[in-house]
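What the coordinates show
Here are the chains, one letter per residue:
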Amino acid sequence: MIVGVAECECMIYDAHSLKEKRAVLQRIITRLKQRFNVSVAEVDFQDVWQRTKIAIAVVTSTRTATEQELQKALKLIDSFPEIERTITEIDWL
């Protein structure tokens, strides 16, 4: 069993309130959970309007499968024009 965790710091430049930020995040998190076998949560910067950190966790039987699932999830985040992924760290457990 391989566990992979990707932590992504992101900017949401057009968010002018926590409500706007959370609306964008909710769409992204919902889509990630629907499309992929992942767990997703906002793990930092909850009280900041334009900045967030999202953690994505994947568990599979092989490192290759885990990495592929994480990369697909990151690619989906990048497909949203309203959010920019700035720093991404991947850890293996």
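Reference entry: report on the structure contained in this document. (Residues numbered from 1 in each chain as written. Predicted model: local features only at pLDDT ≥ 70, side-chain atom pairs only at ≥ 80, totals over all residues. Heavy atoms only, no water.)

Within a sheet, adjacent strands bond to each other through the backbone by hydrogen bonds, running parallel or antiparallel. Strand order in this open sheet of 4 strands is S2-S3-S1-S4, and the pairing throughout is antiparallel. Edge positions in the sheet fall to strand S2 (39-44) and strand S4 (84-92), since each has one partner strand and no second. Each strand of the sheet is rotated relative to its neighbour by a mean of 25°, with strand direction disregarded. In this fold helix H1 (residues 18-35) packs onto S2 and strand S3 (51-60), with an angle of close to 150° to the strand it touches most, S2. (Pairing = 2+ DSSP bridges. Helix = DSSP H or I, 4+ residues; strand = E, 2+ residues; numbered from the N terminus. Axes fitted to C-alpha atoms, helices over the stretch in contact; angles between N-to-C directions. Contact = heavy atoms within 4.5 Å.)

Relative to S3, S2 is paired through 5 bridges, and the arrangement is antiparallel. Of the residues in S3, the one forming a bridge with Ala41 is Ala55. Following S2, the chain reverses through 6 residues before pairing antiparallel with S3; Phe45 in that reversal takes a positive phi of roughly 60°.

Here the focus is H1. Between its first and last C-alpha atoms H1 spans 26 Å; for 18 residues at 1.5 Å apiece the expected length is 26 Å, and the two agree. Residues of H1 that are buried include every one of Lys21, Val24, Leu25, Ile28, Ile29 and Leu32, and no others. For H1, the buried positions fall inside an angular range of 125° around the axis, keeping them on one side. Exposed and facing more than 90 degrees away from the buried side of H1 are Lys19 and Gln34. Contacts made by the buried residues of H1 are with S2, S3 and helix H2 (63-78). (Expected span 1.5 Å × (residues − 1). Buried < 20%, exposed > 50% of the residue type's maximum accessible area, 1.4 Å probe, protein only. Arc of directions from axis to C-beta.)

By themselves, these figures tell us nothing about what the structure is for.
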